[in-house]
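# Breakdown of the fold
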Amino acid sequence: MNEYEVYKEFLKFEEKNKLFDYTYKGIKIWDYTRYNFYKILCTNYLGLFNQIQRPIKPENVQTNDYIKERLMDIDKLGHYDILIMGNPRRVKQADGYYYDIYTDYIPDLIDDYSSLVVEDPFWNQFSHNKESHLTPAISKNLIYTDNLVRYFYDCYFDDNAFAKEKEDLKAIFTEISQIFAKTYNFDYEIAIINATLLSLFIIITEEEYCRLLKQTSPKAVLFIFHPNPSCLALLHCAKKLGIPIAEIQHGIFGEFEPIWHKFGNTNREYMLPDYVLALSPRVVFENDMAMTAANGKLKYVGYPLLERKIEEYKDVKEDTTKKNILFVSQTNIGETFSRYAAELADLLKDKPEYHIIYKLHPFELKKVYPHLNKENITVINNLDQDIYYFAKKSRFQIGVYSTAIYEAVQFGVTTLIADDIMGGKEALKILDGLDGVYSATTPKDAYDIIMSNPPITSIDNPLWPRVNKETYTKAIEDIINKR
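What you see is a predicted model; the values in this text were computed from it and never measured.

Rules and cut-offs
- Every chain's residues receive numbers from 1 upward, in the order its sequence appears when written.
- The predicted origin of the model limits local features to residues at a pLDDT of at least 70 and limits the giving and counting of side-chain atom pairs to 80 or more, whereas totals for whole chains, interfaces and linings rest on all residues.
- Remark: hydrogens and water are excluded; side-chain values derive from all non-hydrogen atoms of the structure.
- Cysteine sulfur atoms that pair up within 2.5 Å are treated as a disulfide.
- Burial status follows relative accessibility: with a 1.4 Å probe on protein chains alone, a residue under 20% of its type maximum counts as buried, one over 50% as exposed, and anything between as partly exposed.
- To qualify as a helix, a DSSP run of H or I must reach at least 4 residues; to qualify as a strand, a run of E must reach at least 2; elements of each kind are numbered from the N terminus.
- A helix's residues, less one, multiplied by 1.5 Å, set its expected span.
- The rule for pairing is simple: two strands pair if DSSP sees at least two bridges between them.
- With axes taken as lines fitted to C-alpha atoms, and helix axes fitted only over the stretch in contact, angles between N-to-C directions fall between 0 and 180 degrees.
- By definition in these notes, contact holds between two residues if any of their heavy atoms fall within 4.5 Å.
- To define a nonpolar core, start from buried Ala, Val, Leu, Ile, Met, Phe, Trp, Tyr and Cys residues and group those joined through side-chain atoms within 4.5 Å.

A few words on the state of the cysteines. Enumeration according to the criterion identifies 0 disulfides in this entry. Left without a disulfide partner, Cys237 is nearest to the cysteine sulfur of Cys210, which lies 3.3 Å away. Since its relative accessible area comes to 0%, Cys237 is described here as buried.

Here is the structure:
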């Protein structure tokens, strides 16, 4: 069973068992927590998500004066037209500042509107990461939610705080796990723990997030849609207050889009974003998307980040000492994909002019794949340089379905798709007709293509429309006016 089959089965199961009917304190808790149960199925059927984390106390995490000076103080905030939920997954620039690859370009594109950026600490999204924020940041009007998140965890680990809510939610998710276990006989303990935590986070922080929205009175909220605690809490509160919400597209919307965009016949307008600031029609399969696309709420605005990166790296040249082969990894395919890289490295061991750069996904950092410990492989396990830099330094790239594959095509990198891994065939479909794109089902296929020394890819491709302020501003106007 592949991941596509798993989530199709999951969708049928949750509808058949009426899981969307579970409500606690007016919150439809299943929709906010279903991802935790889905991960259990993927772990057991596919070997994915083997690093599922238990909640940890936020002790000894990174903090400094820069962070302390920017901690959220709601009473001191004024009005902002747009509230942006930033992402702590930042990348270091040459000047030493860290930028948010998803949102830092937005204030400049909509400078007719005032904007406030709210950023969650890293460890609230990924508990294995001990950092709070990567600083200094280039974001304007930036505040951090660490104090609110710490308050939540103080309550979470205090047996006497919200004791009834904890007991009630644990009972609900234990009941749900028993429903799952009748069909899928797996261990659901960690799903119960994390689903309870997510629900508690919304309940405990709801008052403060609603107060933040009332104090700043934004006309719209923009964010990367991901089932982490603060994102879901802010989404819940914005919906409750009737503030329009727009998702910033950060991947390919299609058959293999993550489960939180997928649903069967259940109306989920109460929790899905109202609009999508989408990159390009070519990377959105509307028939495979969720409620937003079905209602025609896509606003195509181009790819500002990519245009910035093309300009930033225009003088970076391909490595002349080696023919680099860039592997673009992903969290849920890392084990399989890394073995593909290791097999290719073995095939190339007598070809010293070739070298593999294996770039871990930012959410894979600290992950170790022992089979990549080879002389002709360099594993990039940090955020010191972004994927675009390595694309410019490489002659080839190999990937499956990461957005970075499509971006690197724009840099003129000859592209090989490992299409036997989940999502690879969809990538080939998107890239169909472009020069320099090849199917490489096996490592031997990749080796043969590389040895054939194909010509450099043309960078004149139609994947991304050009960005302009007028288009972006018009999209924001439409969102504010709910049209």
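Following the structure, the description resumes.
Before going further, it helps to spend a moment on helix α9 (residues 229-241). Three or four residues apart is the spacing at which side chains of an α-helix point the same way, because the helix has 3.6 residues per turn. Its 13 residues give α9 an end-to-end C-alpha distance of 19 Å, which sits within 8% of 18 Å, the value for a rise of 1.5 Å per residue. The buried fraction of α9 amounts to 10 of the 13 residues, a majority that puts the element mostly inside the structure. Taken as a whole, α9 has its buried residues at Pro229, Ser230, Cys231, Leu232, Ala233, Leu234, Leu235, His236, Cys237 and Ala238. Two residues or fewer after α9 comes Gly242, characterised by a positive phi angle close to 75°.

This paragraph deals with the sheet that holds strand β6 (residues 220-223). Taken together, the 7 strands give an open sheet; going across it, the order is β5-β4-β1-β6-β7-β8-β9, and neighbouring strands pair in parallel fashion. Each of the sheet's edge strands pairs with one partner strand only, and the pair in question is β5 (142-144) and β9 (298-300). The mean angle between the axes of side-by-side strands here comes to 25°, regardless of whether they run parallel or antiparallel. Bridge count between strand β1 (residues 82-86) and β6: 4 bridges; the pairing is parallel. The residue of β6 that forms the bridge with Met85 is Phe223. Helix-sheet contacts for helix α8 (residues 189-216) involve β1, β4 (115-119) and β6, and the interaxial angle to β1 is about 145°.

Time to look at the nonpolar core. Within the largest apolar cluster, 74 residues are counted, with the highest numbers of intra-cluster contacts made by Phe37, Ile176 and Phe180. Considering every element that reaches this core, the biggest residue donor is α8, with 15 residues. When sequence neighbours within four positions are dropped, the list of residues in contact with Phe180 reads Phe10, Phe13, Leu19, Trp30, Phe37, Leu41 and Tyr188. Val283, Leu306, Tyr388 and Tyr406 belong to the second largest nonpolar core, which has 62 residues in total.

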